[in-house]
Amino acid sequence: MFSNIIEIIILSVVQGISEFLPISSSAHLNIVETIFEFNSNSLMIDVSLHLGSLLAIVFYFRRELLDLRNNKKLLSLLIIGSIPIVIAGYIISFIGLVNLLENNLKIIAWTTLIFGIILYLADKSKFDKKITSDLNFKTILYIGLFQMLALIPGVSRAGITISAARLFNFNRFDSSKISFLLAIPAIAGASVLQLKNAIGQIFDFNYLILISITLSFLFSYFTIKFFLNYINKFSLNVFVIYRIIISIILFIFIYN
């Protein structure tokens, strides 16, 4: 029982911190579960971890979300930007490709490295476009298409959407905000698919699920707050370096 609680705490912390940083939560969860051979994770725990992150970002951006009633343009843009990953996610889930991608450390190692380099190159943009004046249907659609790559573990949904927004010359803060707002339907859609797959399984709403939701919420909320403050002052280089280090460690682990 105690070991299960420790494992859930670790998974919740990893989910909460990595979901909204450009380092890939799916990769980190896979790495932790594979290397340490955790036994506590299940489909419902996975749903709970993502639910905690979803509640955190909805709570953090609650004013912006309520304001969407008066900002039909931004609401339309977010819907358009979310369509590609919703369709792609459903197709991948339907054909069972998810099972082939999960727990594949080779894929995670290469995507962590490659998309870390892409993040570095994209972050070199010196332009300063803003959501309020420069985000349009064409741009959000392209960002949404880039977001589909996040279905591959190691790419990072936050990382690829921030990279895409930076490539379209948005400043770091607004690129991150676009990424966070697109995360709401993306995480919600993923949770619905996971919950759909869990239908028919017998489970209890026990203390492990409650712990995972609560801790995932708390760490997700403070990570969002930290990252938006950080990105106003610094570049994304620290995350690029981190991704390169993680990929090198994975390569050593895999090929030795």
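Please read all numbers here as calculations on a predicted model, not as lab measurements.

1. Concerning the UniProt feature "transmembrane region" (unreviewed entry) in the protein chain
So, step 1. UniProt marks residues 43–62, 74–101, 107–123, 135–156, 176–195, 207–228 and 234–255 with the feature "transmembrane region" (unreviewed entry), using the numbering shown here.
So, step 2. Within the segment residues 107–123, helix and strand shares are 94% and 0% respectively, and the terminal C-alpha atoms sit 24 Å apart.
So, step 3. The span residues 135–156 carries 50% helix and 0% strand; its end-to-end C-alpha distance comes to 22 Å.

2. Some words on the pattern of salt bridges
So, step 1. Scanning the entire structure with this criterion turns up 4 salt bridges.
So, step 2. Between Arg172 and Asp123 there is a salt bridge, with its nearest N and O atoms 2.8 Å apart. With Arg172 in helix H11 (residues 172–198) and Asp123 in the loop between helix H7 (105–122) and helix H8 (131–134), the pair connects residues that are 49 residues apart, well separated along the chain.
So, step 3. On the accessibility criterion, Arg172 (26% relative accessible area) is partly exposed.
So, step 4. Classification of Asp123 as buried rests on a relative accessible area of 5%.
So, step 5. Through salt bridges with shared partners, one network takes in Asp123, Arg166 and Arg172.

3. With respect to the side chain of Ser179
So, step 1. Structurally, the position occupied by Ser179 is in helix H11.
So, step 2. On the basis of relative accessibility, which here comes to 0%, the residue Ser179 falls in the buried class.
So, step 3. When near neighbours in sequence (up to four residues on either side) are disregarded, Ser179 contacts Arg157, Ala158, Thr161 and Ile162.

4. Section: the environment of Lys124
So, step 1. By the element assignment, Lys124 lies in the loop between H7 and H8.
So, step 2. Judged by relative accessible area, which is 46%, Lys124 ranks as partly exposed.
So, step 3. Sequence-wise, Lys124 and Ser76 are 48 residues apart; in three dimensions their C-alpha atoms are separated by 29 Å.

5. Side note on unusual backbone geometry
So, step 1. Positive phi, normally seen in glycine, also occurs at Ser24, with a value near 80 degrees.
So, step 2. With respect to the helices and strands, Ser24 occurs in the loop between helix H1 (2–18) and helix H2 (25–36).
So, step 3. Classification of Ser24 by relative accessible area gives buried; the value is 2%.
So, step 4. Positive phi outside glycine occurs at Asn169, with the angle close to 75 degrees.

6. A look at the packing of helix H5 (residues 72–95) against helix H9 (residues 137–147)
So, step 1. Put simply, H5 and H9 touch, their axes get as near as 7 Å, and they point 30 degrees apart. Taken together, the axes of H5 and H9 lie roughly parallel to each other. As H5 runs across H9, the sense of the crossing is right-handed. Where H5 approaches H9, its residues Ser76, Leu77, Ile80, Gly81, Pro84 and Ile85 are matched on the opposing element by Phe137, Ile140, Leu141, Gly144, Leu145 and Gln147.
So, step 2. Taken together, the residues of the contact of H5 with H9 break down into 8 nonpolar, 4 polar and no charged.

7. Brief notes about the nonpolar core
So, step 1. Core analysis: the largest hydrophobic core is formed by 34 residues, its most contacted members being Ile57, Leu135, Ile178, Phe180, Phe227 and Phe239.
So, step 2. In terms of nonpolar packing, the next biggest core, distinct from the first, is built from 12 residues, Leu29, Met44, Ile45 and Ile209 among them.

8. Considerations on H1
So, step 1. Here H1 spans 24 Å end to end across 17 residues, near enough to the 24 Å set by a 1.5 Å rise per residue.
So, step 2. Among the residues making up H1, those that are buried are Glu7, Ile8, Leu11, Ser12, Val14, Gln15, Gly16 and Ser18.
So, step 3. Close packing links the buried residues of H1 with H2, helix H3 (43–60) and helix H12 (207–231).

9. So, the layout of surface pockets
So, step 1. What the second largest pocket holds in volume is close to 240 Å³.
So, step 2. In this structure, the second largest pocket is lined by 15 residues; those nearest its centre are Asn71, Leu74, Ile131, Thr132 and Lys177.
So, step 3. For the lining of the second largest pocket, the secondary-structure elements that each account for two or more residues are helix H4 (62–67), H5, H8 and H11.
So, step 4. Counting residues per element, the lining of the second largest pocket draws most heavily on H8, at 4 residues.
So, step 5. Here the lining of the second largest pocket is built from residues that sort into 6 nonpolar, 3 polar and 6 charged.

10. Quick notes on the packing of aromatic side chains
So, step 1. Applying the stated criterion across every chain yields a total of 16 aromatic pairs.
So, step 2. Ring centres of Tyr60 and Phe61 lie 5.1 Å apart, and the angle between their planes is 70 degrees; this geometry places the pair in the edge-to-face category.
So, step 3. Given a relative accessible area of 22%, Tyr60 falls into the partly exposed group.
So, step 4. Accessibility expressed as a relative area gives 2% for Phe61, which makes it buried.

Thresholds, definitions, all that
Residues numbered from 1 in each chain as written. Predicted model: local features only at pLDDT ≥ 70, side-chain atom pairs only at ≥ 80, totals over all residues. Heavy atoms only, no water. UniProt positions renumbered as here; feature names shortened; annotations may be inferred. Helix = DSSP H or I, 4+ residues; strand = E, 2+ residues; numbered from the N terminus. Salt bridge = Lys/Arg side-chain N within 4 Å of Asp/Glu carboxyl O. Buried < 20%, exposed > 50% of the residue type's maximum accessible area, 1.4 Å probe, protein only. Contact = heavy atoms within 4.5 Å. Axes fitted to C-alpha atoms, helices over the stretch in contact; angles between N-to-C directions. Parallel < 35°, antiparallel > 145°, perpendicular 65-115°, else oblique. Left-handed = near helix turned anticlockwise from the far one by under 90°. Nonpolar A, V, L, I, M, F, W, Y, C, P; charged D, E, K, R; others polar. Core = buried A, V, L, I, M, F, W, Y, C linked by side-chain atoms within 4.5 Å. Expected span 1.5 Å × (residues − 1). 1 Å grid on protein atoms, 1.4 Å probe; cavity = no way out; pocket = protein on both sides within 12 Å on 5 of 7 lines; lining within 4 Å. Points joined across faces, edges and corners; volume = space filled by probe spheres on them. Phe/Tyr/Trp six-rings, centres within 6.5 Å; stacked < 30°, edge-to-face > 60°.

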